Amino acid sequence: MCADTLGDIHDAWRRARPDLDISAMEVFGRLKLIQALHETAVEPVFSGASLSPPEVDVLVLLRHLEEPIIARELARLRGCSRAAIGRILSKLDERGLVAREPNPADRRAVLVRITELGCQRIDEVFPRQLVLEERVLSSLTAQQREQVTGALDLLAEALGGVSG
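Residues numbered from 1 in each chain as written. Predicted model: local features only at pLDDT ≥ 70, side-chain atom pairs only at ≥ 80, totals over all residues. Heavy atoms only, no water.

Chemist: Explain the packing of helix H3 (residues 53–63) against helix H4 (residues 71–78) here, please?
Modeler: Any two packed helices are characterised by how steeply their axes cross, that is the angle between the axes, and by the distance between the axes. Here H3 crosses H4 at 110 degrees, and the two axes come no closer than 11 Å. What the angle tells us is that H3 and H4 run roughly perpendicular. Relative to H4, H3 is oriented so that their crossing is right-handed. Here H3 contributes Pro54, Asp57, Val58, Leu61 and Leu62 to the contact with H4, which in turn contributes Leu74, Leu77 and Arg78. In terms of residue class, the contact of H3 with H4 is built from six nonpolar, no polar and two charged. (Axes fitted to C-alpha atoms, helices over the stretch in contact; angles between N-to-C directions. Helix = DSSP H or I, 4+ residues; strand = E, 2+ residues; numbered from the N terminus. Parallel < 35°, antiparallel > 145°, perpendicular 65-115°, else oblique. Left-handed = near helix turned anticlockwise from the far one by under 90°. Contact = heavy atoms within 4.5 Å. Nonpolar A, V, L, I, M, F, W, Y, C, P; charged D, E, K, R; others polar.)

Chemist: When you look at helix H5 (residues 82–94) in this model, what are you seeing that I'm missing?
Modeler: Each full turn of the α-helix corresponds to 3.6 residues, which orients residues three or four apart in the same direction. Over its 13 residues, H5 runs 18 Å from end to end, which matches the ideal 18 Å to within 8%, given 1.5 Å per residue. Looking at the buried residues of H5, the elements they touch are H3, H4, strand S2 (98–103) and strand S3 (106–114). Where H5 terminates, the next one or two residues include Gly96, which has phi positive at roughly 75 degrees. (Expected span 1.5 Å × (residues − 1).)

Chemist: Mind showing me how you'd approach the pairing of S2 here?
Modeler: Both faces of the sheet carry side chains from a regular strand, because those side chains alternate between them. Across six bridges, the pairing between S2 and S3 is antiparallel. From the neighbouring strand, Pro102 faces S3, where its bridge partner is Val110. Hairpin geometry of S2 and S3 is characterised by an intervening segment of two residues between the two adjacent antiparallel strands. (Pairing = 2+ DSSP bridges.)

Chemist: Would you explain the packing of H3 against H5 in this entry?
Modeler: Contact pair H3 / H5: the axes reach a minimum separation of 10 Å and the direction vectors enclose 85 degrees. On the basis of their axis angle, the class for H3 and H5 is roughly perpendicular. Where H3 approaches H5, its residues Pro54, Glu55, Val58 and Leu59 are matched on the opposing element by Ile85, Ile88, Leu89, Lys91 and Leu92. For the contact of H3 with H5, the class distribution of residues is seven nonpolar, no polar and two charged.

So this is what it looks like as structure tokens:
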């Protein structure tokens, strides 16, 4: 799906349901497209390491933490639900990439830490992802990157105000 297709979809909705305010589709449709394009672009980087994009995101977060973190806080940092983070952690735990242990301060919470194997795996994969992402962004000037980052920060703040 490209931007032209998004425009066609928006136009179709405007014709079919003129009573709906579809202006949010202009932003979120593009975000979904960008996310899908990003996942497609980085897929080859992860395939050799047998990691999914969400697993890489979690390992990146855990990689340089000095102390274990509770799963709930990890979910907050990643911007996903506790259930989603639980599924990701279960898969990573099964493969020995993270370790989960009881939290002595709160029996209901689990502490999570990256294992040595998890460190090795993310140290292999993440630099390749960064190279690919830099290649994608190389056509943007520094000012354009700042504009994109600023706009995304504004959107993140708006979403945080609704869901947070």
